[in-house]
Amino acid sequence: MPPATDRFQPPHAIRAAFAAAMSLMYAQEVPQYRALTDLVAAVNRRVLAGDPALAERMARSGETARLAGERHGAIRVGTADELATIARAFAVMGMAPVGYYDLAPAGVPVHATAFRAVEETALTVSPFRVFTSLLRLELIADPALRAEAAAILARRRIVTPAALALIARAEREGGLSEVDAAAFVAALLETFRWHAHATVPRDTYRRLLAAHRLVADVVSFKGPHINHLTPRVLDIDAVQAEMPARGMAAKQTIEGPPKRRCPVLLRQTSFTALEERIAFTDDAADAAGSHTARFGEVEQRGVALTAAGQARYDAWIGNGGALDLPDDWAALRRQGLAFFRYRAADGAAAAAADAGLEDLVAHGQILCDPIVYEDFLPVSAAGIFQSNLGADRRVDYTAAADRAAFEQALGRAVEDPLALCAAAQRASLDAVGRVLGRTLSA
Ligand code: OOG
Ligand code: NI
């Protein structure tokens, strides 16, 4: 008998297959998405060809392999039950909730997490992430509308019975066979499909829309349609500049840190949401209404910052001025502002026994590469939401963040992004230490 796990498809392979299936579906649904991924592929080829050092570093860290298929997407769910179910579905694919994002201060009545792989090797197989927002119904001011929205949401089932059965089997048996995994991917895809038929009459939609465009988007449809899939680009300024020539209306500004030689965190831009024909339940003919929800986005990822580095970024977001972060890999590393992955150079075992980490790095015995930021930025996410919801009217929410309620809905605590990066850096140092026969600290 083979060991039990050999019967199962690795979760990371299921995630990769799911990401590919989502990408295919979205390209069929939204042709502009294909135009965007074509542009990104062209820019990435150009950047790698023109920067051999970057190409080498990315190949070494496994980033080149994942780059072509790298995507993040976003969905918005309506209830605690829906969030819990989605969390179970993503767990089958090795995706855990990482981080808590409160969007209420930015006028968006949701809080969110990002489901993604957490281990380095798993991220290399597939870094696919889904930014998942939960509607905060309590932020709908009108109690009657709030109750109506809750009742509408209570009636729908966003995951098919077939997908639910396979989730339960994976939980019960510890995984899915290859055949079951393929069936699971196909069944789960249905949850994120676009439906041109709203589940509500026109007047209900209008009232939900008046409360907040996002409320209408979450409540009026059969399920949480994927609202964008974002490829990763190595030069976002190039994409921003070239989008119009390819027929895409780029958002005014790029979210996130300024352009730098040494990219940090995450920079994002998007093209505005499409106006799509939809039909209400009381429409005599099909597709008499319209709805804007789905858009296109690109992102450029840089190094993950430590708490100290993040504090400087947050200060810049809060106060403006100049971003107080050295634009130099060595300085970022030595000042403890960013996370790095260390590895021993070939032949490093023969290194002098009493040299410290910095000596060994300086002498090329130990090499280091920036650890990619795998998460999201709340202010940027708010900017992406806003540019796609339309800035017709600004809603102000005074409610405080409610991480406890979010985690209760989720059925577990979210993982801490900083702790994950610190652990990755630590593990790399430990591995180098084993090669060199000593203990190293950053
Ligand atoms: C999610 C917006 C956030 C990002 O990349 O920051 C996001 C949404 O519009 O549902 O995807
Ligand atoms: Ni996004």
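The paragraphs below set out a description of the structure included in this document.

1. Concerning the nonpolar core
So, point 1. Membership of the largest hydrophobic core comes to 67 residues, with the highest contact counts inside it found for Leu103, Phe131, Val219 and Ile366.
So, point 2. Beyond its immediate stretch of four places on either side in the chain, Phe131 contacts Gly73, Ala74, Ile75, Tyr101, Leu103, Ala112, Thr113, Ala114, Phe376, Ala381 and Phe385.
So, point 3. Among the nonpolar cores identified, the runner-up in size contains 64 residues, and Val40, Phe90, Met93 and Met248 belong to it.

2. Here we look at the coordination of the nickel ion (ligand 2)
So, point 1. Around the nickel ion (ligand 2), the donor atoms from the protein are His72 (NE2), His228 (NE2) and Glu297 (OE), and they sit 2.0 to 2.1 Å away.
So, point 2. Read from N- to C-terminus, the donor residues coordinating the nickel ion (ligand 2) fall into the pattern H-x155-H-x68-E. Of this pair, His72 sits in strand 1 (residues 71-77) while Glu297 sits in strand 9 (residues 296-301), and the two are 225 residues apart along the sequence. Side by side, His72 and Glu297 carry an identical accessibility label, which is buried.

3. A short note on the packing of helix 5 (residues 80-92) against helix 8 (residues 161-173)
To characterise two packed helices, one gives the angle between the axes of the helices and the distance between these axes.
So, point 1. Packing of helix 5 against helix 8 brings their axes to within 10 Å, and their N-to-C directions diverge by 60 degrees. If you check the angle between helix 5 and helix 8, you find them oblique. Here helix 5 and helix 8 pass one another in a crossing that is left-handed. Along the contact surface, helix 5 presents Thr85, Arg88, Ala89 and Val92, while helix 8 presents Leu164, Ile167, Ala168, Ala170 and Glu171.
So, point 2. Of the residues contributing to the contact of helix 5 with helix 8, the split by class is 6 nonpolar, 1 polar and 2 charged.

Reading the values: rules and limits
- Residues numbered from 1 in each chain as written.
- Chains lettered and ligands numbered in written order.
- Predicted model: local features only at pLDDT ≥ 70, side-chain atom pairs only at ≥ 80, totals over all residues.
- Heavy atoms only, no water.
- Core = buried A, V, L, I, M, F, W, Y, C linked by side-chain atoms within 4.5 Å.
- Buried < 20%, exposed > 50% of the residue type's maximum accessible area, 1.4 Å probe, protein only.
- Contact = heavy atoms within 4.5 Å.
- Donors = N, O, S within 2.8 Å, 3.2 Å for Na, K, Ca; no water.
- Helix = DSSP H or I, 4+ residues; strand = E, 2+ residues; numbered from the N terminus.
- Axes fitted to C-alpha atoms, helices over the stretch in contact; angles between N-to-C directions.
- Parallel < 35°, antiparallel > 145°, perpendicular 65-115°, else oblique.
- Left-handed = near helix turned anticlockwise from the far one by under 90°.
- Nonpolar A, V, L, I, M, F, W, Y, C, P; charged D, E, K, R; others polar.

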